[in-house]
Amino acid sequence: MPPHNSITEKGELSRANVGEVVKKYRPRLEAFSDFYKEIHQDPEVSGMESRTAERVAKHLESLRYQVHQHIGGHGVVGVFRNGPGKVILLRAELDALPIEELTDLSYSSKKRMVGRYGNDRPVMHACGHDMNMAALLGAAALLRAAAAEWSGTLLIVFQPDEEETGGAQAMIDDGLYNLVPVPDLMLAQHVVPSATGSVSIRSGPVLVAADSLRVRVVGGPREGTLNPQQCVDPIHIAMRVVLGLEDAVSLEG
């Protein structure tokens, strides 16, 4: 969704300067700073992001987006149709991690939460999803205000269950693209612990990657004897497998 072309006095096409558009329409950031702190103090683990989803949905509604909720769990999407053009999807994540916060921030998380597996754990936004949400809402506000500068359809997606990697597929399986058009381009963003003021851009799967492997260790009788102490011990073998995998990870790093 590039800025609209304009005609100069000489009849030549020019494009609005993106920096000028951002400067002109950038919203006041205090509301997004407050949102960030509120979310940071009240995180929710994967698959349990009901209050977080409700907050982002209300914020999108205040920006006059058409909002769909409860997609693939607690997924939220805001839609702004702004004339003909490309469909662009912008995405952030809703969930936090079962980790205890040990900072001395005035808005640090003191929360504990029983997750979907029944475990009572401390919770914090250790991965920065609170900042990602605040940044996306800020972008949604800017693009809505700058509607005269571009045309197309904007999809603002808040994905649940990102940490356990199931939320994106769950939203698709639950009919996301029956509610909104399939995007021509998807853009995601993520904060990283590096120097402020720097931005890196890359296409492809760079934000998250997870693989799983199921191993079954089978014990049983040893040839020539039925004595238990002489049978194949699966516990001993499984322990060696675990230690070997841990060594492999260390060597890989």
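Structure: above.
Owing to the predicted nature of the structure, the values given are computational and were not obtained by experimental measurement.

Participant: Account for the packing of helix H3 (residues 50–62) against helix H4 (residues 129–145), with residues named and values stated.
Facilitator: With their axes 11 Å apart at the nearest point, H3 and H4 run at an angle of 15 degrees to one another. Judged on the interaxial angle alone, H4 and H3 are roughly parallel. The way H3 lies across H4 gives a crossing that is right-handed. In contact with Thr52, Val56, His59 and Leu60 of H3, H4 contributes Met133, Leu137 and Ala140. Here the residues of the contact of H3 with H4 are counted per class, giving five nonpolar, two polar and no charged.

Participant: How would you summarise helix H2 (residues 30–41) if you had to cite specific residues and measurements?
Facilitator: In this model, H2 (12 residues) spans 17 Å end to end at C-alpha, consistent with the 16 Å of a helix rising 1.5 Å per residue. The set of residues buried in H2 consists of Phe32, Phe35, Tyr36, Ile39 and His40. Axial view of H2: buried residues confined to an arc of 130 degrees, hence all on one face. Of the surrounding elements, those touching the buried residues of H2 are H3 and H4.

Participant: Summarise H4; cite the residues concerned and give the values.
Facilitator: Spanning 17 residues, H4 covers 24 Å between terminal C-alpha atoms, matching the ideal 24 Å at 1.5 Å per step. Within H4, 12 of the 17 residues are buried, which leaves the element mostly enclosed by the surrounding structure. On its buried face, H4 sits against helix H1 (18–25), H2, H3, strand E4 (75–82), strand E5 (87–93) and strand E8 (152–159).

Definitions and cut-offs
Every chain's residues receive numbers from 1 upward, in the order its sequence appears when written. Predicted model: local features are reported for residues with pLDDT of at least 70 only, side-chain atom pairs are reported and counted for 80 or more only, and whole-chain, interface and lining totals are derived from all residues. Where side-chain values are given, they derive from all heavy atoms of the structure, hydrogens and water being excluded. Convention adopted: a line fitted to C-alpha atoms gives each axis, helices being fitted over their contacting stretch, and angles between N-to-C directions are expressed from 0 to 180 degrees. By the criteria applied, helices consist of DSSP H or I runs no shorter than four residues and strands consist of E runs no shorter than two, each listed in order from the N terminus. Note on angle classes: values under 35 degrees are labelled roughly parallel, values over 145 roughly antiparallel, values of 65 to 115 roughly perpendicular, and the remainder oblique. Here a crossing is called left-handed whenever its near helix is offset anticlockwise from the far helix by less than a right angle, and right-handed whenever the offset is clockwise. In what follows, a contact means two residues having at least one pair of non-hydrogen atoms within 4.5 Å. All residues other than Ala, Val, Leu, Ile, Met, Phe, Trp, Tyr, Cys, Pro, Asp, Glu, Lys and Arg, Gly among them, are scored as polar; the first ten of these are nonpolar and the last four charged. What a helix is expected to span follows from its residue count: subtract one and scale by 1.5 Å. Using a 1.4 Å probe on the protein chains alone, a residue whose accessible area is under 20% of its type maximum counts as buried, one over 50% counts as exposed, and one in between counts as partly exposed. Summarising the geometry, the arc corresponds to the directions from the helix axis toward the C-beta atoms.

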